[in-house]
Amino acid sequence: SSRRIFAFWMRPVARLPGSCLRWRKCPVPLLTAPLLWRVAGPTAWAAQSRAQVRMAASAQEARSAASAALEAAAAAGYAEGPTTNEADQRSAAALRLEAAAATQDAQAGASLLDSIPACLIDEGTFKYVLMKVSAKSGEERFLVRGTLGAAYHNDVAQPYVREYIAKGLGVSVLGGGRIQHDPQNKAINIYGHSYGFPWVAGAGHAISQEVCLAAFPGYNIQWSNEGY
């Protein structure tokens, strides 16, 4: 049988943001390679270019949000310390972008909001986040979430953000800090700040206090922006 001569058409393969473009060799008959490039090559290249632009934009948004978070923390007098790092800043910024995108596509009805506990916190001292969930109708509800042992505020927020997105709700992480919860003395102290989630304009511990007061009647609940 006659031997066929092959050339290699370099086909681009999309990768995730921050990675390099990878090329895959696809064998094609040598005589048809020029025609194949003329027909499919430019189309594939254009599609890859558009994908790269979208991925670069998303990555740039995450980097910009992380930089803004670091600058806001520095402006408030908070230095980067053992409870945060650049990777944590990027992860928190990316989570906020993910939540913002999902909020635009919220499909859940307002009745679902009533089934979600307003306050879920552990006992002891731990990091917490203030969140806001919304239904398709625009109805909203504030939530306080605190997890003992969470290294970063992003570790507290991420499971809940993903859960509520999966349920069709819009969700926002408004900020955070720390909570001391002493059930024996019926006392809750809300304080500090979050490096990963600087406060959204108009949000703060005062809202978290109101949520906790409704969830823990009879408790002495105080808040302060001081401490960490």
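The structure we're discussing is the one just above.
Keep in mind that what you see is a predicted model, and the values were worked out from it rather than measured.

### A few points about the sheet that holds strand β7 (residues 187-191)
Read from one edge to the other, the open sheet built from six strands follows the order β3-β5-β4-β6-β7-β8, with strand pairing classed as mixed. The open sheet terminates on both sides in strands that have one partner only, identified here as β3 (119-120) and β8 (220-223). Strand direction decides the pairing type here: β7 and β8, joined by four bridges, are parallel. Each residue of the ladder has a partner; that of I188, found in β8, is I221. Where helix α5 (residues 153-166) meets the sheet, its contacts fall on β3, β4 (124-134), β5 (140-147) and β6 (170-182), and the angle it forms with β4 comes to roughly 30°.

### Some details on α5
With 14 residues, α5 extends 20 Å from end C-alpha to end C-alpha; this agrees with the ideal 20 Å at 1.5 Å per step. Looking at α5, one finds that the buried residues are H153, N154, V156, A157, Y160, V161 and Y164. The arc that holds the buried residues of α5, viewed along the axis, is 145°, so those residues lie on one side. Of the surrounding elements, those touching the buried residues of α5 are α3 (86-103), β3, β4, β5 and β6. One or two steps after α5, the chain reaches G168, where phi turns positive at roughly 90°.

### Comments concerning the nonpolar core
In terms of nonpolar packing, the biggest core is built from 21 residues, with V129, M131, A157, V161, Y164, V171 and F197 touching the most fellow members. Listed by contribution, the elements that provide at least two residues to this core are α3, β4, α5 and β6. In terms of residues, this core owes the most to one element, α5, which gives five residues. Excluding its chain neighbours within four sequence positions, the residues that come into contact with V161 are L95, A99, M131, V171 and V173. Core analysis: the next-biggest nonpolar cluster, separate from the first, contains 16 residues, Y128, L130, I179 and Y219 among them.

### Section: the environment of Q89
Examined against the element boundaries, Q89 turns out to sit in helix α3. Note: C-alpha distance between Q89 and F197 (108 residues apart in sequence) is 8.3 Å.

### Topic: the side chain of S134
Along the chain, S134 falls in strand β4. Non-local contacts of S134, meaning those with residues more than four positions away in its chain, are made with T103, A106, L113, E139, E140, L169 and G170.

### Some thoughts on the packing of α3 against α5
It is the contact of α3 with α5, at a shortest axis distance of 11 Å, that shows an interaxial angle of 20°. As far as their axial angle goes, α5 and α3 are roughly parallel. With respect to the hand of their crossing, α3 and α5 are arranged in left-handed fashion. Counting all contacts with α3, which are made through D88, S91, A92, L95, E98, A99 and A102, the residues of α5 involved are N154, A157, Q158, V161, R162 and I165. Residue classes in the contact of α3 with α5 are distributed as seven nonpolar, three polar and three charged.

### Some details on the environment of N220
Its location among the elements puts N220 in strand β8. Note: C-alpha distance between N220 and K186 (34 residues apart in sequence) is 6.3 Å. Beyond its immediate sequence surroundings of up to four residues, N220 is in contact with K186, A187 and I188. Side chain to side chain, N220 and Q222 meet in a polar contact 2.8 Å long.

### Quick notes on α3
Its 18 residues give α3 an end-to-end C-alpha distance of 26 Å, which sits within 8% of 26 Å, the value for a rise of 1.5 Å per residue. Residues of α3 that are buried include every one of D88, Q89, A92, A93, L95, A99 and A102, and no others.

How each quantity is defined
Residues numbered from 1 in each chain as written. Predicted model: local features only at pLDDT ≥ 70, side-chain atom pairs only at ≥ 80, totals over all residues. Heavy atoms only, no water. Pairing = 2+ DSSP bridges. Helix = DSSP H or I, 4+ residues; strand = E, 2+ residues; numbered from the N terminus. Contact = heavy atoms within 4.5 Å. Axes fitted to C-alpha atoms, helices over the stretch in contact; angles between N-to-C directions. Expected span 1.5 Å × (residues − 1). Buried < 20%, exposed > 50% of the residue type's maximum accessible area, 1.4 Å probe, protein only. Arc of directions from axis to C-beta. Core = buried A, V, L, I, M, F, W, Y, C linked by side-chain atoms within 4.5 Å. Parallel < 35°, antiparallel > 145°, perpendicular 65-115°, else oblique. Left-handed = near helix turned anticlockwise from the far one by under 90°. Nonpolar A, V, L, I, M, F, W, Y, C, P; charged D, E, K, R; others polar. Polar contact = N/O pair within 3.5 Å; in protein donor to acceptor, adjacent residues only side chain to side chain.

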